[in-house]
Amino acid sequence: METIEILIAAFMVLQVLDVYTTNKVINQGGVESNPVMEWIMSKLGKSWLVAKFGLSAAVAYFMYYYAYPDYPTMVTVAMTGLVAFYMWVVNHNWKIMKK
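These lines cover the structure that appears in this document, whether it is placed above or below. For clarity, every value in this text was computed on a predicted model and none was experimentally measured.

What about the pattern of salt bridges?
- This structure, assessed with the given rule, holds one salt bridge.
- Two residues, Asp-18 and Lys-52, come together in a salt bridge whose shortest N-O distance is 2.7 Å. Of this pair, Asp-18 sits in helix α1 (residues 3–27) while Lys-52 is found in helix α3 (residues 48–67), placing the two residues 34 residues apart along the sequence.
- In this structure Asp-18 comes out as buried when scored by relative accessible area, which is 7%.

In structure tokens form, the structure reads like this:
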């Protein structure tokens, strides 16, 4: 398995964990702190999951099939940044969940 494939798999797993931890925080009385996602959630209700996973899958697909063949280093760096960012998001949600 190539590095980019591992990064994309990690990115998608982190999307699932983000949704899970975000829902837990909201069910405990917390709020979505990302204003864009908050707007999407308010407009789509429970269907926001479709938008979240659809957009995440589109990003992963685009990066792997379109961008990576021409710009492997740039895509690897970008996906590493996205994975690091979502690791922070999930960790942040987890800490709030545990309070």
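Remarks on the nonpolar core
- Ile-4, Phe-11, Val-75 and Met-79 are the most contacted members of the largest nonpolar core, which totals 15 residues.
- If you list the elements that add at least two residues to this core, you get α1, α3 and α4 (72–97).
- Per-element accounting of this core gives the leading share, six residues, to α4.
- If near-sequence neighbours (up to four positions away) are discounted, Phe-11 is found in contact with Ser-56, Val-59, Ala-60, Met-79, Leu-82, Val-83 and Tyr-86.
- Counting residues in each nonpolar core, the second largest holds five residues, with Val-19, Met-37, Met-41 and Trp-48 among its members.

Parameters and conventions
Within every chain, residues take consecutive numbers counted from 1 along the sequence as written. Reporting of local features is limited, given that this is a predicted model, to residues whose pLDDT is at least 70; pairs of side-chain atoms are given and counted only at 80 or more, and all residues count toward the totals for whole chains, interfaces and linings. To obtain the side-chain values, all non-hydrogen atoms of the structure were included, while hydrogens and water were left out. Within this document, salt bridges are pairs made up of a side-chain nitrogen of Lys or Arg and a carboxyl oxygen of Asp or Glu, the two lying within 4 Å of each other. The numbering of helices and of strands both runs from the N terminus, where a helix is a DSSP run of H or I of at least 4 residues and a strand a run of E of at least 2. Accessibility here uses a 1.4 Å probe with only protein chains present; expressed as a share of the type maximum, an area under 20% marks a residue as buried, one over 50% as exposed, and anything in between as partly exposed. Within this scheme, the nonpolar core is defined by two criteria: the residues are buried Ala, Val, Leu, Ile, Met, Phe, Trp, Tyr or Cys, and they are joined through side-chain atoms within 4.5 Å. By definition, residues are in contact when any of their heavy atoms lie within 4.5 Å.

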